[in-house]
Amino acid sequence: MEFARDEKVETLSYTEDYNTKEIKKEPDDSAVAPSVGGETNCTEAQLVSDTFSFDLKLMDNKLYPIQEQLQFLLREADELQNLIVYSEDRAQNESFALLVPKFLRMCQPYFNYLESTARNTSPGRTPLPQYIRTRLLEFCEQLCSRLEELIITYASYGYLTLTETDPMCVSHLYIGQCQVDNIKLSIFRYCQPTPFLASTSKGLYKRMRWNVERKIGTEAVREEEKNDNRTEVKQEMEGEQEAKGVGGTESNSTEYYFLCYEDIHLVEGEALREQTDRRPGQEAVLRMWSVGKWVQIYPDPDTEDINDWVLCAIPQGQYKPLVYLGEEEPLSCVATDRLLGVLLSQAGESTTHPIT
C-alpha cells in the first residue's frame, strides 16, 4: 500500500494562530436587540444565551479545519486496518510491518499542534477559551484511541510486537509536546498496560509516560521562542530523541513520570468495605491508579564514577507515587492535567520556600 498523500500531510503547517483575539465576539445587533419600535421583552438570560451561542458558532468555525484533519487521519487508520483484516496475502507481505510506524510518524505533527495549542503558556499569550481547549484535547483522545486499536490489531497478526524487551517493539506512541511556564512535557501513551520494569513484573503497570524538562530563567524564554519558530516536524524529532535518551546534554536533566496502576490485595476487613458484591472465596483486589515518578537507585544519579554507568546494562529504579487518582483509569488529558498540577505546585513551593 502506498501513502499517496504522505507528502501532503507531513508538510501541512499546523502553525495557524488561533489567538482568542480572532474569535472575539462581534455580535450582530439585529440578532440580540428588538426591532425599532418593538417591545423590549428580551430578558438578560436570553441575551446571555444568544451571545454564548454566537460565540460557540465562531469557535466551531475556527475548529473546523482542525477537525477535518482529524477525520482524514481517522480514515487513513481505517484503511490500514481494513488492509490487514481483509488482505488475502498477509503471510507473504512483509511490508505490512512498516505501515503502522510510518503512519504514526505522520500523526505526530498533529498531536504536537493539539497539545501545544491547548496547553502552552507564556507571559504575553492569551489563554484559549475553555471550550476550544477542551475540544482540542478531545481530538487528541480520539486519535490516540484509534491508533492504539490499530497497533494492537497489527500486533495480533504478528506484524508488530508490544513487548518492551524487543528493540523493534511499538509498545507506546508519542502523543504530543507542550510547554507550561518553565516545564516542557513530551507525552507518550502505552498501547496496553505494560509492566513498569521490563525485566520483572511486580504487579505495577504503566499506561503513560511523560518526559519532563525544567527550564530556568532566560533559558525558559529562549525555549518558548524556539518553540514558536521551529516546525512541528522538528518538535516531533526532538520528542523521539527524548524517548530514546539522546539529543545532547539536555537529556541528562530529563525526569520521567508515569501513569500507573497497581492491584492491591485487600485483607478481609477492607474487602467487606470495598467490595460488598464479592463472591465467597473470591480474592479481594482493589485497582488503584496514580501518577508518580521514576526514581533511579542504581547507578547513583549523583555518582562521579563513570564505570558505574559503563558497566550497568539496565539502570535500576523504583516508582514513587505522587498523587492517587482512584479506581477508574483517567483519560490521557486528565492524567496530564493532574501531573501538571503536581509539577506547578512543586515549583511554587520551591519558589516560596527556597532550600537553604
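Check the entry above for the structure.
The model shown is predicted, which means the values in this text are computed figures rather than measured ones. (Residues numbered from 1 in each chain as written. Predicted model: local features only at pLDDT ≥ 70, side-chain atom pairs only at ≥ 80, totals over all residues. Heavy atoms only, no water.)

Peer 1: What exactly am I supposed to notice about the pairing of strand β2 (residues 183–195) here?
Peer 2: Here is the key point about a regular strand: its side chains alternate between the two faces of the sheet. Counted residue by residue, β2 has ten buried out of 13 residues, so it is predominantly covered. Taken together, the seven bridges between strand β1 (residues 172–180) and β2 define a ladder with antiparallel strand orientation. Bridge pairing links C178 to L185 in β2. The antiparallel hairpin formed by β1 and β2 contains two residues in its connecting segment, where D181 sits at a positive phi of about 55 degrees. Bridge analysis of β2 against strand β3 (residues 204–214) gives nine bridges, and the strand direction is antiparallel. Looking at β3, one finds that L185 is bridged to V212. (Buried < 20%, exposed > 50% of the residue type's maximum accessible area, 1.4 Å probe, protein only. Helix = DSSP H or I, 4+ residues; strand = E, 2+ residues; numbered from the N terminus. Pairing = 2+ DSSP bridges.)

Peer 1: Sorry, what's going on with the nonpolar core here?
Peer 2: For soluble globular proteins, the rule of thumb is that nonpolar side chains tend to be buried together. Within the largest apolar cluster, 63 residues are counted, with the highest numbers of intra-cluster contacts made by F103, L136, L143, I151, Y154, L185 and W210. Taken together, domain 1 (53–161) and domain 2 (181–216 + 252–267 + 283–349) each give at least three residues to this core, which thus spans both. What L136 contacts, discounting residues up to four positions off in sequence, is L63, I66, L114, T117, A118 and L128. (Core = buried A, V, L, I, M, F, W, Y, C linked by side-chain atoms within 4.5 Å. Domains from an automatic or database assignment. Contact = heavy atoms within 4.5 Å.)

Peer 1: Explain unusual backbone geometry to me, please; I cannot follow it from the model alone.
Peer 2: Excluding glycine, residues mostly carry a negative phi; peptide bonds, for their part, are mostly trans. One non-glycine residue, D181, lies in positive phi territory at about 55 degrees. Mapping D181 onto the fold places it in the loop between β1 and β2.

Peer 1: Help me understand empty space enclosed by the protein in this model?
Peer 2: Rolling a probe over the atoms, with the probe sized like a water molecule, indicates the empty space that remains. By the definition in use, this model includes two cavities of 30 Å³ or more. The computed volume of the largest cavity comes to approximately 60 Å³. Every residue lining the largest cavity is listed: E115, L137, C140, E141, C144, I175, I187, M208, S332, C333 and T336. Listing elements by their share of the lining of the largest cavity, those giving two or more residues are α5 (130–156) and α10 (332–352). No other element matches α5, which puts four residues into the lining of the largest cavity. For the lining of the largest cavity, the residue count by class is seven nonpolar, two polar and two charged. Each of domain 1 (53–161) and domain 2 (181–216 + 252–267 + 283–349) gives at least three residues to the lining of the largest cavity. (1 Å grid on protein atoms, 1.4 Å probe; cavity = no way out; pocket = protein on both sides within 12 Å on 5 of 7 lines; lining within 4 Å. Points joined across faces, edges and corners; volume = space filled by probe spheres on them. Nonpolar A, V, L, I, M, F, W, Y, C, P; charged D, E, K, R; others polar.)

Peer 1: Help me understand α5 in this model?
Peer 2: Residues spaced three or four apart along an α-helix face the same direction, because each turn holds 3.6 residues. If you check α5, its first and last C-alpha atoms are 39 Å apart, about what 27 residues at 1.5 Å a residue would give, namely 39 Å. Just past α5, the residue G158 takes up positive phi, approximately 90 degrees. (Expected span 1.5 Å × (residues − 1).)

Peer 1: Would you mind showing me how to read the packing of aromatic side chains here?
Peer 2: Two numbers describe a pair of aromatic rings. These are the distance of the centres and the angle of the planes. Counted by the stated rule, this structure contains seven aromatic pairs. Ring centres of F96 and Y159 lie 5.4 Å apart, and the angle between their planes is 75 degrees; on these two criteria the pair is classed as edge-to-face. You can see F96 sitting in helix α4 (residues 96–119) and its partner Y159 sitting in the loop between α5 and β1, a full 63 residues away along the chain. As far as the burial class goes, F96 and Y159 line up, both buried. Aromatic pair Y205 and Y261: ring centres 5.3 Å apart, planes at 20 degrees, arrangement stacked. Here Y205, found in strand β3, pairs with Y261, found in strand β4 (residues 255–265); they are 56 residues apart in sequence, far enough to count as distant. Through a chain of ring-to-ring contacts, three or more aromatic side chains come together here, namely F196, F258, W294 and Y319. The ring of F188 carries the charged tip of R209 above its face, separated from the ring centre by 4.3 Å. (Phe/Tyr/Trp six-rings, centres within 6.5 Å; stacked < 30°, edge-to-face > 60°. Lys NZ or Arg CZ within 6 Å of the ring centre and 35° of its normal.)

Peer 1: Got a minute to help me understand the environment of S116 in this structure?
Peer 2: Position of S116 among the secondary structure elements: in helix α4. By relative accessible area, S116 is classed as buried at 10%. Considering only alpha carbons, one finds S116 and C178, 62 residues apart in sequence, at a separation of 4.4 Å. When neighbours within four sequence positions are excluded, S116 is seen to be in contact with R125, Q177 and C178. Within the local environment of S116, its side chain forms a polar contact with the backbone oxygen of N112, the two atoms lying 2.7 Å apart. Here the side chain of S116 touches Y113 through a polar contact of 3.3 Å, landing on its backbone oxygen. (Polar contact = N/O pair within 3.5 Å; in protein donor to acceptor, adjacent residues only side chain to side chain.)

Peer 1: Sorry, what's going on with the packing of α4 against α5 here?
Peer 2: In helix packing, the relevant descriptors are the interaxial angle and the interaxial distance, both defined with respect to the helix axes. The N-to-C vectors of α4 and α5 enclose an angle of 165 degrees; their axes lie 10 Å apart at closest approach. When the axes of α4 and α5 are compared, the pair comes out roughly antiparallel. At the point where α4 passes α5, the crossing takes the left-handed sense. (Axes fitted to C-alpha atoms, helices over the stretch in contact; angles between N-to-C directions. Parallel < 35°, antiparallel > 145°, perpendicular 65-115°, else oblique. Left-handed = near helix turned anticlockwise from the far one by under 90°.)

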